[in-house]
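# Fold and geometry: a report
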Amino acid sequence: MTLEEQLSGDQSIGKMESVGNALEEVLHEAKLQRTITIGVYEAAKLLNVDPDNVVLCLLATDDKDNQDVALQIHFTLIQAFCCENDINILRVSNMSRLAEILGGSDKPGEPADLHCILINNPHELQIKDPALKEVICYCKESRYLDQWVPVINLPER
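So, here's what we can say about the structure. (Residues numbered from 1 in each chain as written. Predicted model: local features only at pLDDT ≥ 70, side-chain atom pairs only at ≥ 80, totals over all residues. Heavy atoms only, no water.)

## A closer look at a nonpolar patch on the surface
Where nonpolar side chains cluster on the molecular surface, the patch consists of Val-69, Ile-73 and Leu-77 and spans about 310 Å² of accessible area. Under the relative-accessibility criterion, Ile-73 is labelled partly exposed at 47%. (Patch = residues over 30% accessible without salt bridge, like charges linked within 9 Å, V, L, I, M, F, W, Y side chains within 5 Å. Areas by Shrake-Rupley, 256 points an atom, 1.4 Å probe, with all protein chains shown as cover. Salt bridge = Lys/Arg side-chain N within 4 Å of Asp/Glu carboxyl O. Buried < 20%, exposed > 50% of the residue type's maximum accessible area, 1.4 Å probe, protein only.)

As structure tokens, this is what we get:
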């Protein structure tokens, strides 16, 4: 590996870590502002009714979820819909960290369905959020590099 390739790889890792931190900030803020939709079915309902106010779609999995054919079909359909409607998409690979950030379930005794999360933008002010801008910019850069659904690993704390 040349020094140039190694430096490029280090910059890429640094960029992903920065975007992971920004994503965590976006999730905290969206939860506080109640501009977040959690769950595959809830997300599908919102996408059907009001796709214009969705600015980011997160598809989260762990290794065990890769074997879930039904979930993968849902993901494929959601990804296609998001691409068709110019909604930024990210794959998140650390479900346990995502659960820590978003907290428990709304229903006692049932774990939250964190496989699909939508960040809504009902107010124009939210798009001025620097963390959200960084995440959206990363999504656009990835699409430019023909990586339509980039993967982010949320940093451990």
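From this point, the discussion proceeds with the structure in view.
## Here we look at the sheet that holds strand E3 (residues 88-92)
Strand order in the open sheet formed by 5 strands is E1-E4-E2-E3-E5, and the pairing between neighbours is mixed. Two strands close off the open sheet at either side, each with one partner strand: strand E1 (36-38) and strand E5 (151-152). Two strands pair when backbone bridges link them, and strand E2 (residues 54-60) and strand E4 (residues 116-120) are joined in this way by 5 bridges, in the antiparallel orientation. Residue pairing for E4: Leu-58 is matched across the bridge by Ile-117. (Pairing = 2+ DSSP bridges. Helix = DSSP H or I, 4+ residues; strand = E, 2+ residues; numbered from the N terminus.)

## What about the side chain of Gln-79?
Residue position: Gln-79 is located in helix H3 (residues 69-84). Note on Gln-79: relative accessible area 19%, which makes it buried. Sequence-distant contacts of Gln-79, defined by excluding residues within four places in its chain, comprise Leu-59, Ile-89, Arg-91 and Val-149. (Contact = heavy atoms within 4.5 Å.)

## Topic: unusual backbone geometry
Backbone geometry at Arg-34 places phi at a positive 60°, although glycine is not the residue there. For Arg-34, a relative accessible area of 74% corresponds to the exposed category. Not every positive phi belongs to a glycine, and Asp-146 is a case in point at roughly 65°. Here Asp-146 shows up in the loop between helix H5 (130-144) and E5.

## Some remarks on the pairing of E2
Counting buried residues in E2 gives 7 out of 7 residues, a clear majority hidden from the surface. Two strands pair when backbone bridges link them, and E2 and E3 are joined in this way by 5 bridges, in the parallel orientation. Note on E3: the bridge partner recorded for Leu-56 is Asn-88.

## Observations regarding helix H4 (residues 95-102)
Buried within H4 are the following residues: Met-95, Arg-97, Leu-98, Ile-101 and Leu-102. Buried residues along H4 cover an arc of 160° about the axis, so they all sit on one side. Positive backbone phi, at 80°, marks Gly-103, one or two positions downstream of H4. (Arc of directions from axis to C-beta.)

## Here we look at the nonpolar core
Formed by 28 residues in total, the largest nonpolar core has its most connected members in Leu-23, Leu-27, Leu-56, Leu-90, Ile-117 and Ile-119. For this core, the secondary-structure elements that each account for two or more residues are helix H1 (3-33), E2, E3, H4, E4 and H5. Core analysis: the second largest hydrophobic core is formed by 15 residues, Val-40, Leu-59, Ile-87 and Val-149 among them. (Core = buried A, V, L, I, M, F, W, Y, C linked by side-chain atoms within 4.5 Å.)

## Here we look at the pattern of salt bridges
Using the criterion set out here, one finds 2 salt bridges in the structure. Linking Glu-24 and Arg-97 is a salt bridge whose minimum nitrogen-to-oxygen distance equals 2.6 Å. Here Arg-97 lies in helix H4 and Glu-24 lies in helix H1, a separation of 73 residues in the sequence. Taken individually, Glu-24 and Arg-97 each receive the classification buried, so the pair is uniform in this respect. A single network of salt bridges, built from pairs that share partners, joins Glu-24, Arg-97 and Glu-100.

## Focus: the packing of helix H2 (residues 40-49) against H3
Interaxial distance between H2 and H3 falls to 11 Å at its minimum, and their mutual angle equals 25°. Judged by the inter-axis angle, H2 sits roughly parallel to H3. Helix-helix and strand crossings are classified by hand; for H2 and H3 the assignment is left-handed. Two secondary-structure elements touch here, H2 through Val-40, Tyr-41 and Leu-47 and H3 through Leu-71, His-74, Ile-78 and Phe-81. A class-by-class count of the residues in the contact of H2 with H3 yields 6 nonpolar, 1 polar and no charged. (Axes fitted to C-alpha atoms, helices over the stretch in contact; angles between N-to-C directions. Parallel < 35°, antiparallel > 145°, perpendicular 65-115°, else oblique. Left-handed = near helix turned anticlockwise from the far one by under 90°. Nonpolar A, V, L, I, M, F, W, Y, C, P; charged D, E, K, R; others polar.)

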